[in-house]
Amino acid sequence: MTDLFNYTRRETWEVNVGGVPMGGDNPIRVQSMATVLTNDTEGCVAQAKRIIEAGGEYVRFTTQGTREAENLRHINAGLRSQGINTPLVADVHFNPHVAEVAARYAEKVRINPGNYVDPARTFRKLEYTDEEYAAELKKIEDTLLPLLQICREHHTALRIGVNHGSLSDRIMSRYGDTPEGIVESCMEFLRICHREAFDNVVISIKASNTVVMVRSVRLLVHQMDQEDMHYPLHLGVTEAGEGEDGRIKSAVGIGALLADGIGDTVRVSLSEEPECEIPVARHLVDYITARAHHTLIPTSAAKDFDYLRPTRRKTHAVGNIGGCNVPVVVISADGDVSDGEQKPDYIYSGQTVPSSVGKQRYIVDYNVFDGRENTYPIFPHTAMPLIASVKADVKFLVLNYGANLEEYTACLKAHPEVVAVCVSRHVNRLGEQRAFVHELMKAGVDNPVVFAQAYAHSKEEKSDFQIESAADMGALMIDGLTDGLWLLNDGDLPTTDILSTSLGILQAARLRTSKTEYISCPGCGRTLYDLQATIARIKAATKHLKGLKIGIMGCIVNGPGEMADADYGYVGAGRGKISLYRGKECVEKNIPEAEAVEHLLQLIDNDKTPKP
C-alpha cells in the first residue's frame, strides 16, 4: 500500500540487465535511446558513447527489422572492444521474429503488447465473443513463449512496454481507451511470464498525457500487488516534446510516480539529442530520492480519497479560485508581469500597494491593505485572529501542516472568503502538503488551497527550477488537490520564466491550457525526417495559434495512437513523405516533406474558416 505522506521506494524484484541490474536495492537507473540508423554501426557506437559519457546506464536502439536486430551484434562488439560494458536494449514493434533475433545480441529486449501480436490497429470498435477473446489470448501465449525461451538461454531481460497510443483493437473493444485497458494489455503478457517462472522482466506504461500515464501506472502497481507480482518499473512520458515544455511535462508525470516510491529506471523522452536527456533524468531522480529517510509525517488519508481514480477535491469558489475554476497562478513581483499575452491571475506585491491596479489582481500584506478594488489581503497564520476585522471578498491565509489544526480549520469554516496558501519547508514537501489537504478533507473544510513552492535558483539554473517545481506539483495536481500555484524563487531567475513555468506545469497536468501544445516524439532510427528542424518550423508557423494540440511524429509506430487527443498530426509516412491527421483520421497521405508544413497550416486554416 502506497504511503502518501512518507517517501519510501517500492520493493521490487531485482532484474539482471547485463552487468547493471535494476530493481531490488539498486539505485534508480537512467537511460536514453539512440536516434541514428541501427544499421550504421559506427554512428551507433559513437552516439552510444555520448549517451554513456553523459551518465546513461542503458542505451536503446530501434530494431524495426531483422537486419537491424542482427547489427546489434556489431554495435555490441564495437563498444565492448573499447572497454564499454553498458547494456544495450533492443526496441521491437510489430514483428515477433525480430525480437527473437535481438534477444541474442542485446541485454534487454522491449516488446509492445499493443502491436507485438496484433499489429493491424484500425481504431474501429470491434466486437469479440468470449471464445474469440480467449483465442486471442492463446495467440499471445504461442507467440511469447519462444521469445521467453531465447531470453532464458541468453540471460536477456524483457521489457513489456505498453504505449497508450498503440493499444490493440482487441483491448480497445473490451476496455476502451482507459487506464484499465492499458493495465490489462500489460497484465496479459505479465501473467504468462509469471506462470512460466520467467521473472527477468521490466514493465513500462507510457502516454503523452501525464494524467493517463500516472493513473495507469498507479493502477498497474495495485494490480500487481493483488497478484503478488513485484516487477520493477521503467518510467517515461512519451512524446513529451523539447525544450522547457518537454522537461516540465516529463517532470510532472515521472516526478508524480517517483515521489510515491514508484520507478526503477527513467527515460526522459525529449525531441533533442539523446545525450541531452540524461542530465534531466539524473537531476529528477536525485532530487526526489534525496528525501529518503526524512522525518516522519504522521497522518492518514481522508476516507473519500481514491488514489487510483482521483477526482478534483470539492471546494467552494472564492472569487475565481476553487469551485469549477481552473487553477490560478500567483507570482511575486514589484510591478506588472506578462509573458507575451499571458499574465498571472494574482501578483503578490507585499508591503507595496500598487498606485494603479487596473484589471490586474494584487495580493498585499494585510497590514497595508486599504480596500481598493482588485487588491486582496494576505495573513500569516500568526495573524489569524485579525481576519474577521478586515473586510474583503477574497482573503489569503498562509498555513502549513503542523500548525494548530483545530484553530485553522475553525477559522476556515468561519470564513468562507479565505483561500488557504499551503507552504512547506519539509524535505518531503509533497508529503506535508498532501497531509495538510487531507486534514482539511477529514475536517470537512472546503476552502480552496493554493500551493506555494519556494526555490533558490539562478537564471543559469532555469532547467533545475522547472524540473523541481514540476516534480513537486505532479502528484498534487494528479490527486485533484490543486486550486492554485505560487512559485517563489530566491535568485535572479526572471519573473517571466517563473510565470511561463507555472503555466507550463498546469498545462502539463491537463488542468489549464494557455498555449499550443506540441506532442513530439524524441526520434529514433525509425524517424523519417529531420525531427528537430521540423519541430522548429512547425512551432514558428503555429506560434500565433492558441489552445491547439499538434502531434509531430517521426514514424507511424505510435503516430495516430499517441496523438489520441491531438487536434492535428504530422507523421512520417516514408523517406521524404508526410501524412497529415485530423485527430486519428488521416486526411492527406504522402505529401512531399518540403510542402507538408504549408499543407498543415492550410488544413488548420480551413477548419477555422466557417463553412457557408
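A brief report on the enclosed structure follows. (Residues numbered from 1 in each chain as written. Predicted model: local features only at pLDDT ≥ 70, side-chain atom pairs only at ≥ 80, totals over all residues. Heavy atoms only, no water.)

Right, let's talk about the sheet that holds strand 4 (residues 108–111) for a bit. Reading around the barrel, the eight strands line up as 1-2-3-4-5-6-7-8 and close back on themselves, with parallel pairing between neighbours. Relative to strand 8 (residues 265–266), strand 7 (residues 233–235) runs parallel, the two being bridged by two bridges. Along strand 8, the bridge assignment pairs L235 with V266. Against the sheet, helix 10 (residues 277–289) makes contact with strand 1 (29–33) and strand 8, and its axis sits at roughly 155° relative to strand 1, the strand it touches most. (Pairing = 2+ DSSP bridges. Helix = DSSP H or I, 4+ residues; strand = E, 2+ residues; numbered from the N terminus. Contact = heavy atoms within 4.5 Å. Axes fitted to C-alpha atoms, helices over the stretch in contact; angles between N-to-C directions.)

The full count for this structure, using the stated rule, is nine aromatic pairs. With 4.9 Å between their ring centres and 85° between their planes, W13 and Y231 make a pair best called edge-to-face. In this pair, W13 sits in the segment before strand 1 while Y231 sits in the loop between helix 8 (210–226) and strand 7, placing the two residues 218 residues apart along the sequence. Looking at W13, the relative accessible area reads 28%, which means it is partly exposed. Seen from their ring centres, Y116 and F189 are 6.3 Å apart, and the 65° between their planes marks the pair as edge-to-face. Of the two residues, Y116 is situated in helix 4 (residues 113–116) and F189 in helix 7 (residues 179–195); the sequence distance between them amounts to 73 residues. Neither Y116 nor F189 differs from the other in exposure class; each is buried. (Phe/Tyr/Trp six-rings, centres within 6.5 Å; stacked < 30°, edge-to-face > 60°. Buried < 20%, exposed > 50% of the residue type's maximum accessible area, 1.4 Å probe, protein only.)

Summed over the entire model, instances satisfying the criterion amount to 38 salt bridges. A salt bridge links E272 to R247; its shortest N-O distance comes to 2.7 Å. Highlighted residues: E272 in the loop between strand 8 and helix 10 and R247 in helix 9 (residues 243–258), separated in sequence by 25 residues. With respect to burial, E272 and R247 carry one shared label: buried. Two residues, K442 and E439, come together in a salt bridge whose shortest N-O distance is 3.7 Å. (Salt bridge = Lys/Arg side-chain N within 4 Å of Asp/Glu carboxyl O.)

Turning next to helix 15 (residues 531–542). The end-to-end C-alpha separation of helix 15 is 16 Å, in line with the 16 Å expected for 12 residues at 1.5 Å each. Regarding helix 15, the residues found buried are L531, T534, I535, I538 and T542. Down the axis of helix 15, the smallest arc covering the buried residues is 100°, so these residues share one side. Those residues of helix 15 that are buried lie in contact with strand 17 (517–520), strand 18 (549–553), strand 19 (568–574) and helix 17 (593–608). (Expected span 1.5 Å × (residues − 1). Arc of directions from axis to C-beta.)

Within the secondary structure, N200 is located in the loop between helix 7 and strand 6 (201–206). Polar side-chain contacts of N200 include one of 2.8 Å to the backbone nitrogen of N16. In this structure, N200 is in contact with V15, N16, H155, T156, A157 and L158, ignoring residues within four places of it in sequence. (Polar contact = N/O pair within 3.5 Å; in protein donor to acceptor, adjacent residues only side chain to side chain.)

The element strand 9 (residues 328–332) is extensively covered by neighbouring structure, given that four of its five residues are classed as buried. Inspection of the sheet shows strand 9 paired to strand 16 (residues 484–489) by three bridges, in the parallel sense. Directly across from V330, in strand 16, lies its bridge partner W486. Both strand 9 and strand 10 (residues 346–350) contribute to a ladder of three bridges, which runs parallel. The residue of strand 10 that forms the bridge with S332 is Y348.

On to the side chain of S204. On the secondary structure map, S204 appears in strand 6. In this structure, S204 is in contact with R159, I160, G161, V162 and H234, ignoring residues within four places of it in sequence.

Attention now moves to the sheet that holds strand 17. Strand order in the open sheet made by the five strands is 17-18-19-20-21, with mixed pairing throughout. Only two strands of the sheet have a single neighbouring strand rather than two, namely strand 17 and strand 21 (585–592). Neighbouring strand axes in the sheet, compared pairwise and without regard to direction, differ in orientation by 20° on average. In terms of strand pairing, strand 20 (residues 577–582) meets strand 21 through five bridges, oriented antiparallel. Following the sheet pairing, L580 is matched in strand 21 by E588. This element, helix 17, spans strand 18, strand 19, strand 20 and strand 21 of the sheet and lies at about 150° to strand 21.

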